[in-house]
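A look at the structure
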Amino acid sequence: MSAILDKNKEYAQVLSSVIGLRSEPVAIKLVREGEEFPAGYSEPEAQMSHCQAVFRARHGECLKMPIACHNCKVGTSALNMTATDEKVASGEFHAGIGMHDSAAAAGKMISERMIPSFKSKGEVVCPLKDADFEPDVVAIIDIPERVYWVVPLSTAEEGGRAVFSTSPFQCACEDVTAVPIVTGKPNVSLGCFGCRKKTDMAADELACGIPYALIPGFVEHLRKYGTGVMTKAKRERTSRVLPINHLLLLFFILILEFVCIEEPECDVLNTKLCTVAWI
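Just so it is clear, the structure is predicted and the values come from calculations on it, not from any experiment.

Moving on to the overall build of the chain. If you tally the helices and strands in the chain, you get 13 helices and six strands. By the burial criterion, 47% of the 279 residues in the chain qualify as buried. Considering only contacts within the chain whose residues lie at least 6 apart along the sequence, 71% involve residues at least 24 apart. Accessible surface, the chain as shown: approximately 14500 Å² in total, 56% of it carbon and sulfur.

Given below as structure tokens:
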């Protein structure tokens, strides 16, 4: 086992166990032009998008993704692997989906993208624990409470407020990968239309990209958080507040109980059991 792989396994273990992640943190490395792909990773059998690769990696897959393995021009252009398609740049493509009022509005979203300054010929995407290389970004996808901890981690040393950038599209490619590379700071995304359509991203999940350079410091803080502030935080739902319709049904059950006591031969037992089961 190489030193970098050993270190990444440790980082992944702390991130997963202390934050309580439900899937693997994902290592994303953009392979620069003139650079060799890290050894030991295989190309997928069929083309896929960057977001699909990231979401498959969180479930354990390791993917070598040269440009030829990508099937999303929006994603490859956001990562500076390819030029931006004319219909994407003009806004015509995204306006056709129906969220923007005009091609000009959709085009503004594209023109304001944060794109890495270096050209890439592909990427490697895999669980952080299996990354025998230094990634550019580590991505986590989880419920808001889990992603929340990126905020105190980001502000622990210098304070201030965390600021995130997102748009209706390009969650995994721009928000989670390109923006952290460009800014050097974590970025949280609410998801996007394409990402939720093409991956298993759940309705209650957010995505976050963290520059790899920040991971060692985050891990050290998490070691303290795990036995400190996190023990004081409400991390799981511990109680259930019944809505008013359930309370009314419980009141109805009490009435049925009274009827059954007064009339031993009454035929309401089945109704009562069905009501209990429904609640």
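What follows picks up the thread again.
The next thing to look at is the packing of aromatic side chains. What the rule picks out here adds up to five aromatic pairs. Ring geometry for W149 versus Y225: centroids 6.1 Å apart, planes at 55 degrees, classification tilted. Note that W149 is positioned in the loop between α7 (144-148) and α8 (150-155) and Y225 in helix α11 (residues 215-227), a separation of 76 residues in sequence. Y225 shares its class with W149; the two are buried. Relative to F193, the ring of F169 lies with its centre 6.1 Å away and its plane at 65 degrees, an arrangement referred to as edge-to-face. One end of the pair, F169, is in the loop between α8 and α9 (171-183); the other, F193, is in helix α10 (residues 193-198), with 24 residues separating them in the sequence.

With respect to the helices, strands and loops of the structure, T76 is situated in helix α3 (residues 73-78). Take T76: its relative accessible area is 4%, and that puts it in the buried class. A distance of 3.2 Å separates a polar atom in the side chain of T76 from the backbone oxygen of K73. Discounting residues that sit within four places of it in the chain, T76 has contacts with H70, M81 and T82.

As a further point, take the side chain of T177. By the element assignment, T177 lies in helix α9. Within the structure, T177 has its side chain in polar contact with the side chain of H50 (distance 3.0 Å).

What follows is about the environment of K64. Checked against the element boundaries, K64 lands in strand β2 (residues 63-66). Separated by 59 residues in sequence, K64 and E123 have C-alpha atoms that sit 6.3 Å apart. Other than its neighbours up to four places away in sequence, K64 contacts F37, Y41, S42, E43, P44, C69, E123 and V124.

A sheet is described by the order of its strands in space; here six strands give the open sequence β2-β3-β1-β4-β6-β5, paired in antiparallel fashion. Where the open sheet ends on each side, the last strands, each with one partner, are β2 and β5 (187-189). Neighbouring strand axes in the sheet, compared pairwise and without regard to direction, differ in orientation by 20 degrees on average. For β5 and strand β6 (residues 206-211), the ladder comprises three bridges, and the chain directions are antiparallel. Paired with S189 across the bridge in β6 is A207.

Reading the values: the criteria
Residues numbered from 1 in each chain as written. Predicted model: local features only at pLDDT ≥ 70, side-chain atom pairs only at ≥ 80, totals over all residues. Heavy atoms only, no water. Helix = DSSP H or I, 4+ residues; strand = E, 2+ residues; numbered from the N terminus. Buried < 20%, exposed > 50% of the residue type's maximum accessible area, 1.4 Å probe, protein only. Contact = heavy atoms within 4.5 Å. Areas by Shrake-Rupley, 256 points an atom, 1.4 Å probe, with all protein chains shown as cover. Phe/Tyr/Trp six-rings, centres within 6.5 Å; stacked < 30°, edge-to-face > 60°. Polar contact = N/O pair within 3.5 Å; in protein donor to acceptor, adjacent residues only side chain to side chain. Pairing = 2+ DSSP bridges. Axes fitted to C-alpha atoms, helices over the stretch in contact; angles between N-to-C directions.

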